[in-house]
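Read off the chains here:
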Amino acid sequence: AQSVSQHNHHVILSEAASLELGCNYSYGGTVNLFWYVQYPGQHLQLLLKYFSGDPLVKGIKGFEAEFIKSKFSFNLRKPSVQWSDTAEYFCAVNAREGRRALTFGSGTRLQVQP
Amino acid sequence: GAGVSQSPRYKVAKRGQDVALRCDPISGHVSLFWYQQALGQGPEFLTYFQNEAQLDKSGLPSDRFFAERPEGSVSTLKIQRTQQEDSAVYLCASNRMSWDRGPIMNTEAFFGQGTRLTVV
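None of the values given here were measured: they were computed from a predicted structure.

Participant: Requested: an account of the nonpolar core, with residues and values cited.
Facilitator: Ranked by size, the top nonpolar core spans 28 residues in total, and within it L33, W35, L47, L48, F74, L76 and Y89 of chain A carry the most contacts. If we skip the residues at most four places from it in the chain, L48 of chain A touches L33, F34, W35, V57, K58, G59, F63, E64, A65, F74 and L76 of chain A. Formed by 20 residues, the second largest nonpolar core is a distinct cluster that contains V4, C23, L32 and A67 of chain B.

Set out below in structure tokens:
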């Protein structure tokens, strides 16, 4: 079975600060990796995804994530956050073959202060 | 439609009442997933449909939970004799591919806004 750990439950930053949210997963096989964002009152939206190839992936709104296979990690980064990045961020994985249901982490609530 | 649509957005049920939650996936999407998101947690898988076939219901917490997708498009999640621990946001997601395709067919899932169920 897969599991996902997000170590930061609540992060408070000032605008222009740099962001890094940790995500570690456990699974014996090959996985796809995702970061979803949920803005207040809105549905889950895909920020970025990794299926294969370059382990550094770039997503929307200036976010990027790096897949480090040896560390089972897929940390999310942004060099300079904005107030509008205030949201909840979820890391998720699914198996590359077979059962494709996403397994989510418990989420990180990011609060950006102006 | 343009996205995954769920209704109702909010539902308050008295304990013991039956509820039905509806999901309209993106047109043509083969795969449909239901997730349950408790307060302060990430979504947890409930069940999966490939067209009208329910291929995985391993995440359904009890036999009070039942899901169907009779024509391979709209899906309904039904909860019988609701209990307080059923209070959560129920999310639906759809994906244009089926999950028995090979690794080159990896695609993303699109989520609806969810139905917030409160059992009182």
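Resuming the write-up.
Participant: Which residues make up the state of the cysteines, and what are the values?
Facilitator: One pass over the structure, following the stated rule, counts two disulfides over all chains. Note on cysteine connectivity: C23 of chain A is disulfide-linked to C91 of chain A, with sulfurs 1.9 Å apart. Classification of the bridge connecting C23 of chain A and C91 of chain A rests on its S-S torsion, roughly -65°, and on that basis the disulfide is left-handed. Of this pair, C23 of chain A sits in the loop between β3 (19-21) and β4 (24-26) while C91 of chain A sits in strand β10 (residues 87-95), and the two are 68 residues apart along the sequence. Note on cysteine connectivity: C23 of chain B is disulfide-linked to C92 of chain B, with sulfurs 1.9 Å apart. Its S-S torsion of about -65° marks the bond between C23 of chain B and C92 of chain B as left-handed, since a negative value means left-handed. Taken as a pair, C23 of chain B in strand β3 (residues 19-24) and C92 of chain B in strand β9 (residues 88-95) lie far apart in primary sequence, 69 residues in all. Judged by its relative accessible area of 0%, C23 of chain B is buried.

Participant: So what's going on with the side chain of Q36 of chain B? Which residues, and what values?
Facilitator: On the secondary structure map, Q36 of chain B appears in strand β4 (residues 31-37). Setting aside residues no more than four positions away along its own chain, Q36 of chain B makes contact with G42, P43, E44, L46, F65, D86, A88, V89 and Y90 of chain B.

Participant: Can you tell me about the packing of aromatic side chains, naming the residues and giving the values?
Facilitator: Under the defined criterion, the tally for this structure stands at 16 aromatic pairs over all chains. Aromatic pair Y25 of chain A and F67 of chain A: ring centres 6.4 Å apart, planes at 35°, arrangement tilted. Of this pair, Y25 of chain A sits in strand β4 while F67 of chain A sits in strand β8 (residues 64-68); the two residues are 42 residues apart in sequence, bridging distant segments of the chain. Since its relative accessible area comes to 12%, F67 of chain A is described here as buried. An angle of 45° between the planes, with centres 5.7 Å apart, marks the rings of Y35 of chain B and F111 of chain B as tilted. Taken together, the positions of Y35 of chain B in strand β4 and F111 of chain B in strand β10 (residues 110-111) put the pair 76 residues apart, joining distant regions of the chain. The pair Y35 of chain B / F111 of chain B is uniform in exposure class, with both members buried.

Participant: Go over the interface of chain A and chain B, please, and point to the residues and values.
Facilitator: Each partner contributes residues to the interface: chain A has 22 residues there, and chain B has 24 residues. Roughly 1,800 Å² is buried in total at the junction of chain A and chain B, and carbon and sulfur atoms are behind 54% of that figure. Between the two partners, chain A and chain B, sit one salt bridge. Two residues, E108 of chain B and K49 of chain A, come together in a salt bridge whose shortest N-O distance is 2.8 Å. Where chain A meets chain B, there are three residue pairs in polar contact (both at pLDDT 80 or more). Going through the elements one at a time, β5 (31-38) and β6 (45-50) of chain A are the ones with two or more residues in the side of chain A that touches chain B. It is β5 of chain A that contributes the most residues to the side of chain A that touches chain B, four residues altogether.

Rules and cut-offs
Residues numbered from 1 in each chain as written. Chains lettered and ligands numbered in written order. Predicted model: local features only at pLDDT ≥ 70, side-chain atom pairs only at ≥ 80, totals over all residues. Heavy atoms only, no water. Core = buried A, V, L, I, M, F, W, Y, C linked by side-chain atoms within 4.5 Å. Buried < 20%, exposed > 50% of the residue type's maximum accessible area, 1.4 Å probe, protein only. Contact = heavy atoms within 4.5 Å. Disulfide = S-S within 2.5 Å. Helix = DSSP H or I, 4+ residues; strand = E, 2+ residues; numbered from the N terminus. Phe/Tyr/Trp six-rings, centres within 6.5 Å; stacked < 30°, edge-to-face > 60°. Buried area = accessible area lost by both parts, 1.4 Å probe. Salt bridge = Lys/Arg side-chain N within 4 Å of Asp/Glu carboxyl O. Polar contact = N/O pair within 3.5 Å; in protein donor to acceptor, adjacent residues only side chain to side chain.

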